[in-house]
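Here are the chains, one letter per residue:
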Amino acid sequence: MALNHVSNITPVLVPSSAGSIMTHSSGKTYVRGMIFYNSAGTTETLEVHVIPNSGGSLGTAAATNRVLRISLLSSETFTWELPFPFVFTSANDAIFAKSTTNNVVVAYILKDTE
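The shown structure was predicted, so the numbers you read here are calculated from the model rather than taken from an experiment. (Residues numbered from 1 in each chain as written. Predicted model: local features only at pLDDT ≥ 70, side-chain atom pairs only at ≥ 80, totals over all residues. Heavy atoms only, no water.)

Turning to the pattern of salt bridges, a few remarks are in order. Under the definition given, this model contains 3 salt bridges. In this structure, Asp 112 engages Arg 32 in a salt bridge whose closest nitrogen and oxygen atoms are separated by 3.0 Å. Of this pair, Asp 112 sits in strand β9 (residues 105–113) while Arg 32 is found in strand β4 (residues 29–38), placing the two residues 80 residues apart along the sequence. Salt-bridge contacts for Arg 69 lead to Glu 47; the nearest nitrogen and oxygen are separated by 3.3 Å. (Salt bridge = Lys/Arg side-chain N within 4 Å of Asp/Glu carboxyl O. Helix = DSSP H or I, 4+ residues; strand = E, 2+ residues; numbered from the N terminus.)

Put into structure tokens, the structure is as follows:
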């Protein structure tokens, strides 16, 4: 099957309590990487969770599904290229993220769809 490269990457602001920055709806989505930019004047701690759906509904962020925890300095950009993509196949599979301060870390999800 041919992959459709998603070219209209939309920035998402990361909340201070774990919230969805990408929710899968249908088909297959391959997340190849993520870019995070800290627009704050202070260091931000960023956490990212890859969460399977829970009975068809959005799941919950927990230590068991956390895949990244880093500190971003002020005005720092972090690019995370995955050696193998995260593959989302079910509705409400999601990526959650949170940072120290609400809406100062900007996230970009690099993905393909099938």
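Before going further, it helps to spend a moment on the sheet that holds strand β5 (residues 44–51). Sheet architecture is open: 4 strands sit in the order β3-β8-β5-β6, paired in antiparallel fashion. Pairing within the sheet leaves two strands with one partner each, and these edge strands are β3 (19–23) and β6 (66–72). Strand-to-strand, the axes of this sheet are offset by a mean angle of 20°, without reference to chain direction. In this sheet, strand β8 (residues 94–99) lies alongside β3 in antiparallel orientation, the contact comprising 4 bridges. Within β8, the position partnered with Met 22 by the bridge is Ile 95. (Pairing = 2+ DSSP bridges. Axes fitted to C-alpha atoms, helices over the stretch in contact; angles between N-to-C directions.)

By the element assignment, Asn 65 lies in the loop between β5 and β6. Given the relative accessible area of 12%, Asn 65 is considered buried. Among the polar contacts made by the side chain of Asn 65, one reaches the main-chain amide nitrogen of Ala 62 at a distance of 2.9 Å. If near-sequence neighbours (up to four positions away) are discounted, Asn 65 is found in contact with Val 48, His 49, Val 50, Ile 51 and Thr 60. (Buried < 20%, exposed > 50% of the residue type's maximum accessible area, 1.4 Å probe, protein only. Polar contact = N/O pair within 3.5 Å; in protein donor to acceptor, adjacent residues only side chain to side chain. Contact = heavy atoms within 4.5 Å.)

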